[in-house]
Amino acid sequence: MRQAGRYLPEYREIRAKAPSFLDFCYTPALATEATLQPIRRFGFDAAILFSDILVVPDALGQKVSFELGEGPRLEPILSCEDFAKLNERIDLMRLAPVFETVERVAASLPNETALIGFCGAPWTVASYMIAGRGTPDQAPARLFAYRQPDLFQLLIDRLVAASIEYLLRQIEAGVEAVQIFDTWAGVLPAAEFERWCVEPIRAIVAGLKRKGQGVRVIGFPKGVGHRLQEFARRTGVDALGLDSSVDPAWAAENLDQRLVLQGNLDPLALVAGGAALEASARRILSAFKARPYIFNLGHGILPETPLEHVARLVDLVRQGSAA
């Protein structure tokens, strides 16, 4: 999950150097520093590329900006005419700064520290492209998919192809695994979950495996509950990110033992610290001790997270893993 961000004072210092958040993502020197800062401070086992899921629509020709205090803003796709304005293929030259960041980070990391790249899943990215912003229940995209399913399928297909090219280029530049974030998968009913979440991610995984030897893919379908079993089986991901609502004991018992699991500490438990943090961390470590597992949060780290709580969590995990 996100490691760099407003909880680190050194991050806030370099963030002030970029005119906008998108400029920050597209300035390799700054993005490299943001990626490396958590590794220097806490010694995590893996670095996560500093970027954003909305660089993909930006590279498809949609106007994207980030308003201070309000989040992303995009020119909404509401019609065939709007869709026709998009590039037929992703503009990899537009994303060249991201790939340069990957190369710089890969050259700077210790040999024992992995580098993880990522993209947003087609459904989640499409929800922003259609609404023009984040919405609580993704109603604009859901209505669009119901009313104009053929056009929505064309958009999803465009995003599948763009995501494969984008992730392959990250892999060529030096990432050792990629994660696909479907943050809004949990709002979809069963049939739509299959069509708009599972099938596009299956297509991305298949495309990556076909073209990239040894590619490792982590899927993160947030909020889908017991449908995690179907998601893992149908998509072919190598690892499965669990959000904080998933019971670790259920996941350990019911998900394929060959599947690597990742997660799922509540970010608010990390903010709280103390007994709540220690009990939560130990419960997760205990549940997954007999299977392949990556300790992580159940979603992104929050800006108000105290640094000493992160340091304490790292100690707890290292002690628990050695036990």
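About the thresholds
- Residues numbered from 1 in each chain as written.
- Predicted model: local features only at pLDDT ≥ 70, side-chain atom pairs only at ≥ 80, totals over all residues.
- Heavy atoms only, no water.
- Helix = DSSP H or I, 4+ residues; strand = E, 2+ residues; numbered from the N terminus.
- Rg over C-alpha atoms; globule rule 2.2 N^0.38 Å.
- Buried < 20%, exposed > 50% of the residue type's maximum accessible area, 1.4 Å probe, protein only.
- Contact = heavy atoms within 4.5 Å.
- Areas by Shrake-Rupley, 256 points an atom, 1.4 Å probe, with all protein chains shown as cover.
- Lys, Arg positive; Asp, Glu negative; His and termini not counted.
- Charge placed at Lys NZ, Arg CZ, Asp CG, Glu CD.
- Arc of directions from axis to C-beta.
- UniProt positions renumbered as here; feature names shortened; annotations may be inferred.
- Axes fitted to C-alpha atoms, helices over the stretch in contact; angles between N-to-C directions.
- Parallel < 35°, antiparallel > 145°, perpendicular 65-115°, else oblique.
- Nonpolar A, V, L, I, M, F, W, Y, C, P; charged D, E, K, R; others polar.
- Pairing = 2+ DSSP bridges.
- Polar contact = N/O pair within 3.5 Å; in protein donor to acceptor, adjacent residues only side chain to side chain.
- Phe/Tyr/Trp six-rings, centres within 6.5 Å; stacked < 30°, edge-to-face > 60°.
- Lys NZ or Arg CZ within 6 Å of the ring centre and 35° of its normal.

Colleague: How would you sum up the overall build of the chain? Please name residues and give values.
Modeller: When helices and strands are tallied, the chain shows 15 helices and 9 strands. In terms of overall dimensions, the chain is globule-like: its C-alpha atoms have a radius of gyration of 19 Å, near the 20 Å expected for 323 residues. In the chain, which comprises 323 residues, the proportion classed as buried is 54%. Sequence separation of 24 or more characterises 72% of the internal contacts of the chain that already satisfy a separation of 6 or more. Roughly 14300 Å² of accessible area belongs to the chain as shown, and the carbon and sulfur atoms make up 52% of that amount. A gap of 2 Å separates the mean positions of the 35 positive and 38 negative side-chain charges of the chain.

Colleague: Could you give me a rundown of unusual backbone geometry, with the residues and numbers involved?
Modeller: Phi is mostly negative for residues that are not glycine, and the peptide bonds are mostly trans. For the peptide bond that leads from glycine 263 to asparagine 264, omega is -10°, which places it in the cis range. With respect to the helices, strands and loops of the structure, asparagine 264 is situated in strand E8 (residues 260-265). One non-glycine residue, glutamine 138, adopts positive backbone phi at about 55°. Relative to the assigned elements, glutamine 138 resides in the loop between helix H7 (122-131) and helix H8 (139-147). Assessed through its relative accessible area of 0%, glutamine 138 is described here as buried.

Colleague: Please give an account of H8 that cites residues and values.
Modeller: Those residues of H8 lying buried are Ala141, Phe144 and Ala145. End-on, the buried residues of H8 take up no more than an arc of 95°, which puts them together on one face. Looking at the buried residues of H8, the elements they touch are H7, helix H9 (149-173) and helix H10 (190-211).

Colleague: Go over the UniProt feature "domain: Uroporphyrinogen decarboxylase (URO-D)" (unreviewed entry) in the chain, please, and point to the residues and values.
Modeller: Taking the numbering used here, the UniProt-annotated feature "domain: Uroporphyrinogen decarboxylase (URO-D)" (unreviewed entry) corresponds to residues 116-132. The straight-line gap between the two end C-alpha atoms of residues 116-132 is 28 Å; of that span, 59% is helix and 29% is strand.

Colleague: Mind laying out the packing of H8 against H9, listing which residues take part and the relevant values?
Modeller: Direction vectors running N to C along H8 and H9 enclose 120°, while the axes themselves pass 5 Å from each other. Considering the angle they form, H8 stands oblique to H9. When H8 is examined against H9, the residues Ala141, Phe144, Ala145, Tyr146 and Arg147 are found in contact with a partner set consisting of Pro149, Leu151 and Phe152. Across the contact of H8 with H9, the residue classes break down as 7 nonpolar, no polar and 1 charged.

Colleague: Residue-level account of the sheet that holds strand E1 (residues 46-48), with values.
Modeller: The strands making up a sheet associate through backbone hydrogen bonding, with each pair oriented either parallel or antiparallel. Judged by pairing direction, the sheet is parallel, and its 7 strands sit side by side in the order E1-E4-E5-E6-E7-E8-E9 without closing on themselves. Bordering the open sheet on either side are E1 and strand E9 (293-297), each of which pairs with just one other strand. Shown here is a sheet whose adjacent strand axes are inclined to one another by a mean of 25°, direction ignored. Of the strand pairs in this sheet, E1 and strand E4 (residues 114-120) are connected by 3 bridges, and their pairing is parallel. The residue of E4 that forms the bridge with alanine 46 is alanine 114.

Colleague: Tell me about the environment of asparagine 111, and name the residues and values.
Modeller: Looking at the element boundaries, asparagine 111 is found in the loop between helix H6 (96-108) and E4. Note on asparagine 111: relative accessible area 82%, which makes it exposed. Sequence spacing of asparagine 111 and leucine 22 is 89 residues, and the spatial spacing of their C-alpha atoms is 30 Å.

Colleague: Residue-level account of the side chain of aspartate 82, with values.
Modeller: When you line up the elements, aspartate 82 lands in helix H5 (residues 80-84). In terms of polar contacts, aspartate 82 uses its side chain to reach the backbone amide nitrogen of leucine 78, at 2.8 Å. The contact partners of aspartate 82, leaving out residues within four places of it in the chain, are Pro76 and Ile77.

Colleague: Describe the UniProt feature "site: Transition state stabilizer" (unreviewed entry) in the chain, with residues and values.
Modeller: In this numbering, the UniProt entry assigns the feature "site: Transition state stabilizer" (unreviewed entry) to Asp52. Following the sequence through the fold, aspartate 52 ends up in the loop between E1 and helix H4 (55-59). If sequence neighbours within four positions are ignored, aspartate 52 has contacts with Phe21, Cys25, Phe66 and Phe118. A distance of 2.9 Å separates a polar atom in the side chain of aspartate 52 from the backbone nitrogen of leucine 54.

Colleague: Tell me about the packing of aromatic side chains, and name the residues and values.
Modeller: One pass over the structure, following the stated rule, counts 14 aromatic pairs. Ring plane angle 55° and centroid distance 6.0 Å describe the contact between phenylalanine 144 and phenylalanine 152, whose orientation is recorded as tilted. Across this residue pair, the class does not change: phenylalanine 144 and phenylalanine 152 are buried. Ring centres 6.3 Å apart and planes at 85° place the aromatic pair tyrosine 293 and phenylalanine 295 in the edge-to-face group. Given a relative accessible area of 18%, phenylalanine 295 falls into the buried group. A network of ring pairs unites the aromatic residues Tyr11, Phe21, Phe24, Phe50 and Phe66 as a single cluster. The ring of phenylalanine 193 has arginine 227 sitting right over it, with the charged end atom 4.3 Å from the ring centre.

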